[in-house]
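# Reading the structure
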Amino acid sequence: MMRPIRIALSAAAMASAVFSTPLVAQESPTFAVDPTWPKELPKDWITGQLGGVCTAEQDHIYVVNRRNITDEEKETSISAPSIIKFDMEGNVVGSWGDQNTVPNSIHGCFVDQDRNVYVAGNGDGIVQKYAPDGKLLFQIGTRGKFDSVDGTRRGVGLNAARDQLHMPSGIAVDPDNGDIYISDGYGNRRVVVFDKAGKYLRQWGRQATDEEIQNNAPGVFAEVVHCIAMSNAGLIYVCDRQGNRVQVFRKDGTFVRNILVPNRSGKLPDKRGTAWWVAFSPDPEQRLLYMMNGGTEQVHVMDHATGKILSSFGRPGHQIGNFTHGHTIAVDSQGSIYVAETDWGRRIQKFRVVK
């Protein structure tokens, strides 16, 4: 396991643990945590916060590491690289990332059909594209410059720049033409689209008014635009985190529907939010939608067509199978779910389908 992890329960005990809490009478897979994944990291590596996880068609799993280890950890270990590539068995099979080049506070990743890796940096206002061998191919935005009223990270977002971002959070790439969709993000309130060469194409979204937040109005965002994903049907799924919903759009920004995941109080905006990240089941129809609910530290298994929660697993805690700041999720071709944790979680966990 990754060295920062402190396991409160034995691996043997947890190997047989099954995580599924049925909520409605519909078919839903059952998941069990794999306590053997990943394998021990090499070369005295230790990870900081893991800002994202993504999978490739070849079933390699990529994890992006913020490298923010403590001074005490530096006395006995070295920071793992910013981008770490695992195989299905959990072995490290590749890594790269010059700390002077990769984004600070790296947030989210995506692997396209040519195995190029995209990463977002909400600490720098950039998105980068890397070749499979780790060579930097291009960058959208200028490191350290932000689309804000004063050009700083903490300035109010302008939601306007065609050559700059403001704390972007995630990326999705259209397999048909290579267009790059970015959730932008922690400062701006938009989805912005670039072509495969990084040229601006279009955008949509803005800050919602309080009335629009209460009414789940389309095309506006309560606060953080936290994730973005594209379905096999070519629809764009965007996490309106503090709005407790996923908004679904066509590629041109036309609103299609809301997928609501309310908190217990029903109050909006939700300070922590429920809709943190989404991924799809690997079947061609993508019958299931998976959501990381950072408010309750659970993964929801949802019926994709209706948005109903079929089952959930996880709860707050650092024991194996639970989450400390569960942040992003990804799914491999076998249907296993990977959850990356930030804050003091700082680990990646794998949940395999058992039935």
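These figures come from a predicted structure and were not determined experimentally.

How each quantity is defined
- Residues numbered from 1 in each chain as written.
- Predicted model: local features only at pLDDT ≥ 70, side-chain atom pairs only at ≥ 80, totals over all residues.
- Heavy atoms only, no water.
- Pairing = 2+ DSSP bridges.
- Helix = DSSP H or I, 4+ residues; strand = E, 2+ residues; numbered from the N terminus.
- Axes fitted to C-alpha atoms, helices over the stretch in contact; angles between N-to-C directions.
- Phe/Tyr/Trp six-rings, centres within 6.5 Å; stacked < 30°, edge-to-face > 60°.
- Buried < 20%, exposed > 50% of the residue type's maximum accessible area, 1.4 Å probe, protein only.
- Core = buried A, V, L, I, M, F, W, Y, C linked by side-chain atoms within 4.5 Å.
- Contact = heavy atoms within 4.5 Å.
- Salt bridge = Lys/Arg side-chain N within 4 Å of Asp/Glu carboxyl O.
- Disulfide = S-S within 2.5 Å.
- 1 Å grid on protein atoms, 1.4 Å probe; cavity = no way out; pocket = protein on both sides within 12 Å on 5 of 7 lines; lining within 4 Å.
- Points joined across faces, edges and corners; volume = space filled by probe spheres on them.
- Nonpolar A, V, L, I, M, F, W, Y, C, P; charged D, E, K, R; others polar.

## What about the sheet that holds strand S19 (residues 255–260)?
The strand order across the open sheet built from four strands is S16-S17-S18-S19, with neighbouring strands paired in antiparallel fashion. Edge positions in the sheet fall to strand S16 (225–230) and S19, since each of these pairs with one other strand and no more. The mean inter-strand angle of the sheet, taken between neighbouring strand axes irrespective of direction, is 20 degrees. Where strand S18 (residues 245–249) lies against S19, five bridges are found, and the strand directions are antiparallel. Across the sheet, the residue bridging to Val-248 is Arg-257, located in S19.

## Quick word on the packing of aromatic side chains
A full pass over the atoms with the stated rule returns 13 aromatic pairs. A centroid spacing of 5.9 Å and a plane angle of 85 degrees characterise the contact between Phe-31 and Tyr-290, whose relative ring orientation is edge-to-face. Remark: Tyr-290 occurs in strand S21 (residues 288–293) and Phe-31 occurs in strand S1 (residues 31–33); sequence separation between them is 259 residues. Taking relative accessible area as the criterion, Tyr-290 reaches 2% and is therefore assigned buried. Summarising the aromatic geometry, the rings of Phe-249 and Phe-255 are spaced 5.9 Å apart at their centres and angled 75 degrees between planes, so their arrangement reads as edge-to-face. Relative accessible area serves as the criterion here: at 0%, Phe-249 is assigned to the buried category. Site record: aromatic cluster; members linked through ring pairs are Phe-31, Tyr-290, Phe-313, Phe-323 and Phe-351.

## Concerning the nonpolar core
Grouped together as the largest cluster of nonpolar side chains are 33 residues, with contacts concentrated most on Val-278, Ile-329 and Ile-337. If one sorts the elements of this core by residue count, strand S20 (residues 275–280) sits on top with six residues. Ignoring sequence-local partners within four residues, the contact set of Val-278 consists of Cys-227, Ala-229, Tyr-237, Cys-239, Val-246, Leu-289, Tyr-290, Met-291 and Ile-329. In this structure, Leu-50, Ala-80, Phe-86 and Ile-348 belong to the second largest nonpolar core, which totals 14 residues.

## Things to note about the pairing of strand S10 (residues 126–130)
Among the five residues of S10, five are classified as buried, and the element is accordingly described as predominantly covered. Of the two faces of S10, the one holding Ile-126, Gln-128 and Tyr-130 and the one holding Val-127 and Lys-129 are both buried throughout. Here strand S9 (residues 117–121) folds back onto S10, and the loop between the two strands holds four residues, one of which, Gly-125, carries a positive phi near 75 degrees. Looking at chain direction, S10 and strand S11 (residues 136–140) are connected through four bridges and run antiparallel.

## Section: the pattern of salt bridges
Taken as a whole and judged by the stated rule, the model has eleven salt bridges. Between Asp-147 and Arg-190 there is a salt bridge, with its nearest N and O atoms 3.7 Å apart. Pair noted here: Asp-147 is in the loop between S11 and strand S12 (168–173) and Arg-190 is in strand S14 (residues 190–194), with a separation of 43 residues, a long-range link. Across this residue pair, the class does not change: Asp-147 and Arg-190 are buried. Asp-176 is the partner of Lys-251 in a salt bridge, and the nearest nitrogen-oxygen pair spans 3.7 Å. With Lys-251 in the loop between S18 and S19 and Asp-176 in the loop between S12 and strand S13 (180–184), this pair connects stretches of sequence that are 75 residues apart.

## What about the state of the cysteines?
Overall, the coordinates contain two disulfides when judged by the stated rule. The disulfide that involves Cys-54 links it to Cys-109, with 2.3 Å between the sulfurs. The S-S bond linking Cys-54 to Cys-109 shows a torsion near -120 degrees; that makes this disulfide left-handed. Within this pair, whereas Cys-54 is found in strand S3 (residues 50–55), its partner Cys-109 is found in strand S8 (residues 106–111), the two being separated by 55 residues in sequence. Here the two residues Cys-54 and Cys-109 agree in accessibility, since each one is buried. Cys-227 shares a disulfide with Cys-239; S-S distance 2.0 Å. Its torsion about the S-S bond being 65 degrees, the disulfide of Cys-227 and Cys-239 is classed as right-handed. Here Cys-227 is found in strand S16, whereas its partner Cys-239 is found in strand S17 (residues 236–240), with twelve residues between them in sequence. Classification of Cys-227 by relative accessible area gives buried; the value is 1%.

## Topic: the pairing of strand S23 (residues 309–313)
Counted residue by residue, S23 has four buried out of five residues, so it is predominantly covered. Where strand S22 (residues 298–303) and S23 come together, four bridges link them in antiparallel fashion. Looking at S23, one finds that Val-299 is bridged to Phe-313. In sequence, S22 turns back onto S23 through a hairpin of five residues, with Gly-307 there showing a positive phi of about 80 degrees.

## Regarding the layout of surface pockets
Size it by volume and the largest pocket reaches roughly 1100 Å³. Lining the largest pocket are 44 residues, with Thr-55, Phe-110, Val-111, Met-230 and Asn-232 positioned closest to its centre. Where the lining of the largest pocket is concerned, the elements lending two or more residues are S3, S8, S12, S16, S20 and strand S24 (326–331). Counting residues per element, the lining of the largest pocket draws most heavily on S20, at four residues. Grouping the constituent residues of the lining of the largest pocket by class yields 23 nonpolar, eleven polar and ten charged.

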